[in-house]
Amino acid sequence: MTGRRAVEKSTTPTPASGSTKRAPQGRRTRRTAGLEEESEFIQLLTPTGERIDHPDYPLELSDEEARSLYRDMVLVRRVDAEGTALQRQGELGLWASLLGQEAAQIGSGRAMRPDDFAFPTYREHGVAWCKGVSPVNLLGMFRGVNNGGWDPFENNFNLYTIVIGSQTLHAVGYAMGVQRDGGDSAVIAYFGDGASSQGDVLEAFVFGASYNAPVVFFCQNNQWAISEPTSRQFRVPLYKRAAGFGFPGVRVDGNDVFACLAVTRAALEHARSGQGPMLIEAFTYRMGAHTTSDDPTRYRSSDEVESWRAKDPIVRLRAYLDREDRADEVFYKSVADEADRLAAEIRSGCLALPDPDPLSMFEHSYAAEHAQVTEERAFLAEYLAGFSEELS
């Protein structure tokens, strides 16, 4: 698994001209906040499937492990496609697609130990898969029949967080608890490039650094905060923000599952060994809409989308597996067949989810009985009973 060593760099336009300089051969051109900048990311697998070595992030995988990563990404993409289809058919109220971000999520998800705790946003369906959370439970929240549907401590995977950025504070607090309990596990907090502009995220950086908490901040920079491009969000590469808080940051090719796996493993070990936080910026792209309520054609071009389609993480890994003769058509067909079965299972499972008792919303509001909640429950019960009487 050895190969050539490469560094990916890019140049961006100056504010004065607004034009992009021609990038030297071997470099990529990218627009970032209107300034000239040279930045590099960690890459172990090129878009054409060529394996690259990196001195700081070695990675050795067996054939089975490499194939397993491919299987994970294919199955998770199918779960995502089914979620979108169910929403379009009126079975879900909303769905947040991960299309294009499979490598970032599967790579980082498989880097965790079972006792490492993850704090997701609302898009980490791939991380949920790695932590053993049923896709049907994910669909239940978007169907509106539960508030999450899983026990966070059963899989060390917190409930989805809709409030942008708040989970980073929860993650740091949990990591501080691990630290004080004398544990050796690590915590990972997921967020997006848009959330990096939230005060909660910056406060989490402050507390994580101040207390040397065993936490990894994993930012999936998918280039768009809904309709706001990264060029309007920050003036320096996102990963460089870590230096201002006193801990290391690194940018990784977010469409390279090998690089995401190797870098996240190293970051988690950095955290659990007492060296404090680390920020990973997974440089990727949101191929679909922000959610099913969004129309991305209103703010980005088809040429931009197509340029990123050429870097598809699944196509990239398959190219590697074929190049190195580590998989055959029998394997690919078995994965495709498994994806079909999984889609059927989660569709039937979603449609079979029972509607909740309206009064169940009061059951876990407080640990003990609360006078106001009791009053509100009684009011709603009486209101609902009135409909029964009218129908009888």
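Residues numbered from 1 in each chain as written. Predicted model: local features only at pLDDT ≥ 70, side-chain atom pairs only at ≥ 80, totals over all residues. Heavy atoms only, no water.

## Quick word on the pairing of strand E12 (residues 278-283)
Right, so step 1: The buried count for E12 comes to 6 of 6 residues, which makes it a mostly enclosed element.
Right, so step 2: Across the two faces of E12 the burial is the same, with Met278, Ile280 and Ala282 and Leu279, Glu281 and Phe283 all buried.
Right, so step 3: Pairing of strand E8 (residues 215-221) with E12 involves 6 bridges; the strand directions are parallel. Considered in E12, the bridge of Val216 is made with Met278.
Right, so step 4: Where strand E11 (residues 249-253) lies against E12, 5 bridges are found, and the strand directions are parallel. Residue pairing for E12: Arg251 is matched across the bridge by Glu281. (Buried < 20%, exposed > 50% of the residue type's maximum accessible area, 1.4 Å probe, protein only. Helix = DSSP H or I, 4+ residues; strand = E, 2+ residues; numbered from the N terminus. Pairing = 2+ DSSP bridges.)

## Quick word on helix H2 (residues 102-111)
Right, so step 1: Burial within H2 is extensive, with 9 of its 10 residues counted as buried.
Right, so step 2: If you check which residues of H2 are buried, you get Glu102, Ala103, Ala104, Gln105, Ile106, Gly107, Ser108, Gly109 and Ala111.

## Regarding empty space enclosed by the protein
Right, so step 1: Taken as a whole and judged by the stated rule, the model has 1 cavity of 30 Å³ or more.
Right, so step 2: Computed from the structure, the largest cavity encloses a volume of approximately 30 Å³.
Right, so step 3: In terms of lining residues, the largest cavity is bounded by Val76, Val79, His125, Ala128, Trp129, Val133, Pro135 and Leu138.
Right, so step 4: Going through the elements one at a time, helix H1 (63-88), helix H3 (125-130) and helix H4 (135-143) are the ones with two or more residues in the lining of the largest cavity.
Right, so step 5: Sort the elements by how many residues they give to the lining of the largest cavity and H3 lands first, with 3 residues.
Right, so step 6: Residues that form the lining of the largest cavity fall into these classes: 7 nonpolar, 1 polar and no charged. (1 Å grid on protein atoms, 1.4 Å probe; cavity = no way out; pocket = protein on both sides within 12 Å on 5 of 7 lines; lining within 4 Å. Points joined across faces, edges and corners; volume = space filled by probe spheres on them. Nonpolar A, V, L, I, M, F, W, Y, C, P; charged D, E, K, R; others polar.)

## Focus on the environment of Ala336
Right, so step 1: Along the chain, the position of Ala336 falls in helix H12 (residues 329-351).
Right, so step 2: Sequence separation between Ala336 and Val74 is 262 residues, and the spatial gap between their C-alpha atoms is 7.8 Å.

## Section: the packing of aromatic side chains
Right, so step 1: All chains considered together, the criterion is met by 26 aromatic pairs.
Right, so step 2: Measuring from ring centre to ring centre gives 6.3 Å for Phe41 and Phe283, while their planes differ by 40 degrees; the resulting arrangement is tilted. Note that Phe41 is positioned in strand E4 (residues 39-41) and Phe283 in strand E12, a separation of 242 residues in sequence.
Right, so step 3: Using a relative accessible area of 11% as the deciding quantity, one classes Phe41 as buried.
Right, so step 4: Between Trp224 and Tyr299, the aromatic rings sit 5.2 Å apart at their centres with planes inclined by 50 degrees, giving tilted as the arrangement. (Phe/Tyr/Trp six-rings, centres within 6.5 Å; stacked < 30°, edge-to-face > 60°.)

## Brief notes about the nonpolar core
Right, so step 1: With 73 residues, the main nonpolar core has Tyr70, Tyr160, Phe258 and Leu317 as its most contacted residues.
Right, so step 2: Ranked by residues supplied to this core, first place goes to helix H9 (residues 257-275) with 10 residues.
Right, so step 3: For Tyr70, the contacting residues outside a window of four places in its chain are Ile314, Leu317, Arg318, Leu321, Phe331, Tyr332 and Val335.
Right, so step 4: Counting 22 residues, the second-largest nonpolar core is a separate cluster that includes Phe117, Ala195, Phe205 and Phe217. (Core = buried A, V, L, I, M, F, W, Y, C linked by side-chain atoms within 4.5 Å. Contact = heavy atoms within 4.5 Å.)

## Things to note about a nonpolar patch on the surface
Right, so step 1: Residues Val206, Phe207 and Tyr211 make up a contiguous nonpolar surface patch of roughly 280 Å² in combined accessible area.
Right, so step 2: Relative to the elements of secondary structure, Val206 occurs in helix H7 (residues 199-210). (Patch = residues over 30% accessible without salt bridge, like charges linked within 9 Å, V, L, I, M, F, W, Y side chains within 5 Å. Areas by Shrake-Rupley, 256 points an atom, 1.4 Å probe, with all protein chains shown as cover. Salt bridge = Lys/Arg side-chain N within 4 Å of Asp/Glu carboxyl O.)

## A closer look at H12
Right, so step 1: Counted at 1.5 Å a residue, the expected span for H12 with its 23 residues is 33 Å, and the 33 Å between its end C-alpha atoms agrees.
Right, so step 2: Residues Phe331, Tyr332, Val335, Ala339, Leu342, Ala343, Ile346 and Cys350 constitute the buried set of H12.
Right, so step 3: For H12, the secondary structure elements touched by its buried residues are H1, H3, H4 and helix H11 (313-323).
Right, so step 4: Where H12 begins, one side-chain oxygen reaches toward the backbone nitrogen of Val330, 3.2 Å away; that side chain belongs to Asp328. (Expected span 1.5 Å × (residues − 1). Polar contact = N/O pair within 3.5 Å; in protein donor to acceptor, adjacent residues only side chain to side chain.)

## Comments concerning the side chain of His290
Right, so step 1: Note on placement: His290 falls in the loop between E12 and helix H10 (302-309).
Right, so step 2: Non-local contacts of His290, meaning those with residues more than four positions away in its chain, are made with Ala96, Ser97, Tyr122, Arg123, Ile226 and Tyr299.

## A word on the sheet that holds E8
Right, so step 1: Spatially, the 5 strands line up as an open sheet ordered E6-E7-E8-E12-E11, and their pairing is parallel. Two strands bound the open sheet, and with one partner strand each, they are strand E6 (117-119) and E11. Put simply, the sheet's adjacent strands are angled 20 degrees from each other on average, direction ignored.
Right, so step 2: Packing against the sheet, H9 makes contact with strand E7 (187-192), E8, E11 and E12, and its axis sits at approximately 160 degrees to E11. (Axes fitted to C-alpha atoms, helices over the stretch in contact; angles between N-to-C directions.)

## Side note on the pattern of salt bridges
Right, so step 1: Inspection of every chain in the model, using the stated rule, returns 23 salt bridges.
Right, so step 2: A salt bridge links Arg309 to Glu306, with the shortest nitrogen-to-oxygen separation between them at 3.0 Å. Of this pair, Arg309 and Glu306 both sit in helix H10, 3 residues apart, which is roughly one turn of that helix.
Right, so step 3: When its relative accessible area of 45% is taken as the criterion, Arg309 is described as partly exposed.
Right, so step 4: Its salt-bridge partner being Arg318, residue Asp322 comes within 3.9 Å of it at the nearest N-O pair. One end of the pair is Asp322 and the other is Arg318, both in helix H11 and 4 residues apart, which spans about a single turn.
Right, so step 5: Salt bridges sharing common partners tie together Arg71, Asp72, Arg110 and Glu338.

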